[in-house]
Amino acid sequence: MRIAFIGDVVGKPGRMMLQKYLPLLREEHAIDFVIANYENASHGFGLTEKNCLELLECGVDMMTGGNHSFDKKEVLTLFDKYPLIRPANYPKSTPGTGVYEVEVNGVQLAVVNILGHYTMPMVDNPFTVADDIVESLVQKNIKHIVIDMHAEATSEKQALLHILGDKVSAIVGTHTHVSTDDLQIVKGCCYITDLGLTGCRDGVIGMDPASPIKRFMTGIGSHFDVPDHCKSISHILLVDLDKEGKSLEAKKLKIYDDGSIVVTHAKKEID
Ligand SMILES: [Fe+2]
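Residues numbered from 1 in each chain as written. Predicted model: local features only at pLDDT ≥ 70, side-chain atom pairs only at ≥ 80, totals over all residues. Heavy atoms only, no water.

## Some words on unusual backbone geometry
Trans peptide bonds make up most of the peptide bonds, and negative phi angles are found at most residues other than glycine.
Then, number 1: Here A30, not a glycine, exhibits a phi torsion of approximately 50°, which is positive.
Then, number 2: You can see A30 is positioned in the loop between α1 (11-28) and β2 (33-37). (Helix = DSSP H or I, 4+ residues; strand = E, 2+ residues; numbered from the N terminus.)

## Topic: the packing of aromatic side chains
Then, number 1: In this structure the tally under the stated criterion is 2 aromatic pairs.
Then, number 2: An angle of 65° between the planes, with centres 6.0 Å apart, marks the rings of F70 and F79 as edge-to-face.
Then, number 3: Accessibility expressed as a relative area gives 14% for F70, which makes it buried.
Then, number 4: Ring-pair connections join several aromatic residues into one group, and the members of that group are F70, F79 and Y90. (Phe/Tyr/Trp six-rings, centres within 6.5 Å; stacked < 30°, edge-to-face > 60°. Buried < 20%, exposed > 50% of the residue type's maximum accessible area, 1.4 Å probe, protein only.)

## What to know about the pattern of salt bridges
Then, number 1: Inspection of the entire model under this criterion finds 9 salt bridges.
Then, number 2: With its nearest N and O atoms 3.7 Å apart, the salt bridge here joins E54 to K50. Of the two residues, E54 and K50 both sit in helix α2 (residues 49-57), 4 residues apart, roughly one turn of that helix.
Then, number 3: Between K143 and E244 there is a salt bridge, with its nearest N and O atoms 3.0 Å apart. Highlighted residues: K143 in the loop between α3 (126-139) and β6 (144-150) and E244 in the loop between β11 (232-241) and β12 (247-256), separated in sequence by 101 residues.
Then, number 4: For K143, a relative accessible area of 34% gives the class partly exposed.
Then, number 5: By sharing partners, the salt bridges in this structure join R15, K50 and E54 into a single network. (Salt bridge = Lys/Arg side-chain N within 4 Å of Asp/Glu carboxyl O.)

Encoded structure:
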């Protein structure tokens, strides 16, 4: 099974990159299932129904969220209609669910969304919730498990690899929007601390730099904005899983707006 994972899709520039390149990539790389993070897809904050449909129509199969999942209130009406999840460690009374199960080519795949702790909203313990969910999936004999670990702290993401790496297929870090250079396969688990955004590459975490610069230079915050025009990039992770759900090989494609691609490779670790 070959899955693709797309990190934080930030605003219109991010959506346009996927509209332009994802249909071609799906065909060229024979991708079986595409996961993308939606939490910044609508002008940097949350997800509207219109943008949800755009992403599904260009080849995304399901979407994960994060601390901005609920920024657009209409998302509350979308969980029952579309393949969307929000972090599983939000309290039980929060709308939506944090685990998505689907059959892909006759194999059960589960996608789990977890929100980190540092600088994040008050949610349940990310590590114990993730551990409990994975245990329940393993009990159901589901071996193909992908976790979107949406967190600020690199330490929390690396710790999750140590806690669950031998039980899941992939742990993909999202949220910081800046791609890290540590793609690896450990004990059959594909891991990267942060996959990086799909959106503007010449701003500040995909946003117009004016507002963050003002905030940092004066201490006065203002609304972050996604520029209409910018230099764009898309980070897309391709992972090949065997019958037991173990990662065999992974590639991170860094796709620039002119179509050029830089590939980072990870193979099964050598003992
Ligand atoms: Fe986030």
